[in-house]
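Summary of structural features
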Amino acid sequence: MKKITTFIMVLSCVFVSAQNINDVLRISQEEVQGTARFQAMGGAFGALGGDLSSLSINPAGSAVFNYGEFTITGSNYNRDNEVLFGNSLQRGDINSVELNQAGAVFVFESPDRPWKKLALAVNYDMVQNFDNEFFASGSTSQGIDNYFLNFADGQELGPLRTQEGEFIEDAYLDIGASLGFGAQQAFLGFQSGLIEPTEDDDANTTYFRNAQYTNVNQDYLQSTSGYNSKFTLNFAGQYQENLYLGASVNFHSVFYERVTLLDENGYDVDSPVQFTTFDNFLRTEGFGYSFSVGAIAKLNDNIRIGGSYQSPTWYELTDDTSQRINSTLAVSDIGFIDFGIVNLFEEYRIMTPSKITGSAALVFGKDGLLSFDYSYQDMSEAELRPTSDPSFAGENDFIANTLGVVNTYRAGGEFRIGQVSLRGGYRLEESPYESGEIIGDLTAYSGGIGYNFGGSRLDLAVVRSDRDVNESLFDSGLSSTVMVNRVNTNITLGYTVKF
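This report concerns the structure included in the present document. (Residues numbered from 1 in each chain as written. Predicted model: local features only at pLDDT ≥ 70, side-chain atom pairs only at ≥ 80, totals over all residues. Heavy atoms only, no water.)

1. Focus: the environment of Q155
Here Q155 lies in the loop between α4 (145-152) and α5 (168-179). Measuring from C-alpha to C-alpha, the distance between Q155 and F187 comes to 9.5 Å, with 32 residues separating the pair along the chain. In this structure, Q155 is in contact with G182, A183, A186, N204, T205 and Y207, ignoring residues within four places of it in sequence. (Helix = DSSP H or I, 4+ residues; strand = E, 2+ residues; numbered from the N terminus. Contact = heavy atoms within 4.5 Å.)

2. A word on the pairing of strand β18 (residues 420-429)
In the case of a regular strand, side chains alternate between the two sheet surfaces. Going residue by residue along β18, you find S421, R423, G425, R427 and E429 tucked away on one face and V420, L422, G424, Y426 and L428 left uncovered on the opposite face. One ladder, built from ten bridges, connects strand β17 (residues 405-417) with β18; its direction is antiparallel. Pairing of T408 across the sheet is with E429, part of β18. Hairpin remark: β17 followed by β18, antiparallel, with two residues in the connecting loop; positive phi at G418, about 65°. Summarising the sheet, β18 and strand β19 (residues 442-452) pair through ten bridges and their orientation is antiparallel. When the sheet's bridge partners are listed, R427 is paired in β19 with A444. (Buried < 20%, exposed > 50% of the residue type's maximum accessible area, 1.4 Å probe, protein only. Pairing = 2+ DSSP bridges.)

3. Some thoughts on the pattern of salt bridges
In this structure the tally under the stated criterion is 19 salt bridges. With a closest N to O distance of 2.9 Å, R423 and D459 form a salt bridge. Taken together, the residues span a long stretch of sequence, with R423 in strand β18 and D459 in strand β20 (residues 456-472) at a distance of 36 residues. Overall, the relative accessible area of 3% leaves D459 in the buried class. Each of R37, E414, R416, R423, R457 and D459 takes part in a single network of salt bridges with overlapping partners. (Salt bridge = Lys/Arg side-chain N within 4 Å of Asp/Glu carboxyl O.)

4. Regarding the pairing of strand β10 (residues 303-310)
In β10, alternate side chains face the same way, and those of R304, G306, S308 and Q310 are buried while those of I303, I305, G307 and Y309 on the opposite face are not. Joining the antiparallel neighbours strand β9 (residues 276-298) and β10 is a turn of four residues. Both β10 and strand β14 (residues 355-363) contribute to a ladder of eight bridges, which runs antiparallel. Bridging across to β14, G307 finds its partner in G358.

5. A look at the nonpolar core
Formed by 45 residues in total, the largest nonpolar core has its most connected members in I144, Y147, F148 and F187. Those elements that place two or more of their residues in this core are β1 (69-85), β4 (132-140), α4, α5, α6 (181-191), β7 (216-239) and β21 (481-498). Among the elements that make up this core, the one with the highest residue count is α6 (six residues). Sequence-distant contacts of F187, defined by excluding residues within four places in its chain, comprise P159, L160, T162, I168, A171, Y172, I175 and I337. Within the second largest apolar cluster, 19 residues are counted, among which are V24, V254, M379 and I399. (Core = buried A, V, L, I, M, F, W, Y, C linked by side-chain atoms within 4.5 Å.)

6. Things to note about the packing of α5 against α6
The relative placement of two packed helices comes down to the angle between their axes together with the axis-to-axis distance. Running from N to C, α5 and α6 cross one another at 150°; their axes reach a closest spacing of 8 Å. As judged from the angle between their axes, α5 and α6 are roughly antiparallel. Together, I168, A171, Y172, I175, G176 and L179 of α5 and A183, Q184, F187, L188 and Q191 of α6 make up the contact between the two elements. Tallied by class, residues from the contact of α5 with α6 come to eight nonpolar, three polar and no charged. (Axes fitted to C-alpha atoms, helices over the stretch in contact; angles between N-to-C directions. Parallel < 35°, antiparallel > 145°, perpendicular 65-115°, else oblique. Nonpolar A, V, L, I, M, F, W, Y, C, P; charged D, E, K, R; others polar.)

7. Description of α6
Of all the eleven residues making up α6, eleven are buried; the element is thus mostly covered by neighbouring parts of the structure. For α6, the complete set of buried residues consists of F181, G182, A183, Q184, Q185, A186, F187, L188, G189, F190 and Q191. Here the buried face of α6 lies against α4, α5, β5 (195-197), β9, β11 (313-327) and β12 (343-344). Count one or two residues on from α6 and you reach G193, which has phi positive near 80°.

8. Quick word on unusual backbone geometry
A cis amide bond links R385 with the next residue in sequence, P386, at an omega value of 10°. Position of P386 relative to the elements: it lies in the loop between β16 (383-385) and α7 (390-402). Positioned with a positive phi, Q240 is a non-glycine residue whose angle comes to about 55°. Along the chain, the position of Q240 falls in the loop between β7 and β8 (243-265). Using a relative accessible area of 43% as the deciding quantity, one classes Q240 as partly exposed.

9. Overview of empty space enclosed by the protein
Scanning the entire structure with this criterion turns up four cavities of 30 Å³ or more. The computed volume of the largest cavity comes to approximately 610 Å³. Residue lining of the largest cavity: 39 residues in total, with S28, E30, S56, I57 and K355 positioned closest to the centre. Classifying every residue of the lining of the largest cavity by side-chain character gives 14 nonpolar, 17 polar and eight charged. (1 Å grid on protein atoms, 1.4 Å probe; cavity = no way out; pocket = protein on both sides within 12 Å on 5 of 7 lines; lining within 4 Å. Points joined across faces, edges and corners; volume = space filled by probe spheres on them.)

10. Examining the environment of G246
Looking at the secondary structure, you find G246 in strand β8. For G246, a relative accessible area of 11% translates into the label buried. When the C-alpha atoms of G246 and S480 are compared, they prove to be 48 Å apart, with 234 residues separating the residues in sequence. Among all residues touching G246, those that are not within four sequence positions of it are P59, A60, F235, A236, S292, V293 and G294.

Without other data, these values stay purely geometric and don't point to any function.
Laid out in structure tokens, this is it:
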């Protein structure tokens, strides 16, 4: 009967929002993925087109195709993380293999009309691969009790107690549903013995820490998985000889899971608390939509320019979370709160800002090309919605004051020797933060090779990107962070067939 009751409460439980700037940034920072040729040239295709993944930069690119094509692409993702926490340096890596692109374009010629060519394209791109993991271990002056104390101050003690005959997991769900996420965290801190009220009175609203320490040792593991994918339906046309126009509708799908495991010890010898474990699980699922329009113009046989507008992306998302905690002073039945007890949050929305891109390319006949793209996106315009939610209003003010303009520069080149194509690329993406201290600039170098069989083509690309991230272990109560140097190396193989 106990398990049935818990299951019913899980389904009926709705929580006050706990989303913040990190949720916005997670789905806003799209990676350069797509076909192997696209990746090898740094994604600098805004004035080129002729590649299915170029539609993510400029939807006019499908009209550049002369034949129908089908392309499928797979990648091996290597994440190498160097983590500095306190005076301790840890290093680890993780590999994953994914099908990251598949699509086709259909070309319809009409040479005797002003519209020389029409193209219809469908394409799937994985724009973010969330598979990653890092481990941090070190000494800090801020224990996890600060996290719970931050939520507890101002909360009345009465609701943090379990009632006679009430199961602890039911109390955990009830307090989250009625009083919100913050009160629920206070409940965990109190029931685990990490914090105590200053007065044993149900009306008490102040608390103190049970743990005694100058510094504590923390082992922290974060493991993430999932994806943000984009399905594009595109239509474009070639007007007379030198102008290409196009538009796309994009449908996004998001799936993200994160597990964090914290072990803490190293307290003073006479501290009532000698160990603490605190683990969290988050799952985010949802969808989004956007549109884009663009144009490419041939100024002469060698010079092309392009421009495109990417609308905001409107996401609708749901979160569910699970937690578990234990400590020296925890109540005996706290183990019943585990990853099987699920908190369901109300659906929320995120709007990521629009983006504009300007491009130029030099084409040297059949010998090769050089290309350059510049993109502008103002991340301070991102929003959590509904904006009428008081917690979202405060967080949106923080986003507006903290985030800034992201300038992105992409350059690529291709040199052809007979049936062989040699490629290279570079990308610089500025930090979304005004200060650049929390997330640094991203730099990426790429290279690749392709072989044209006539009716088909095989392409290989290698991309290495580097970015420093100053990552918080928890969103509230602790100011301690870990510095993570993220080095991502993607090896991508793609096959294209003309029809």
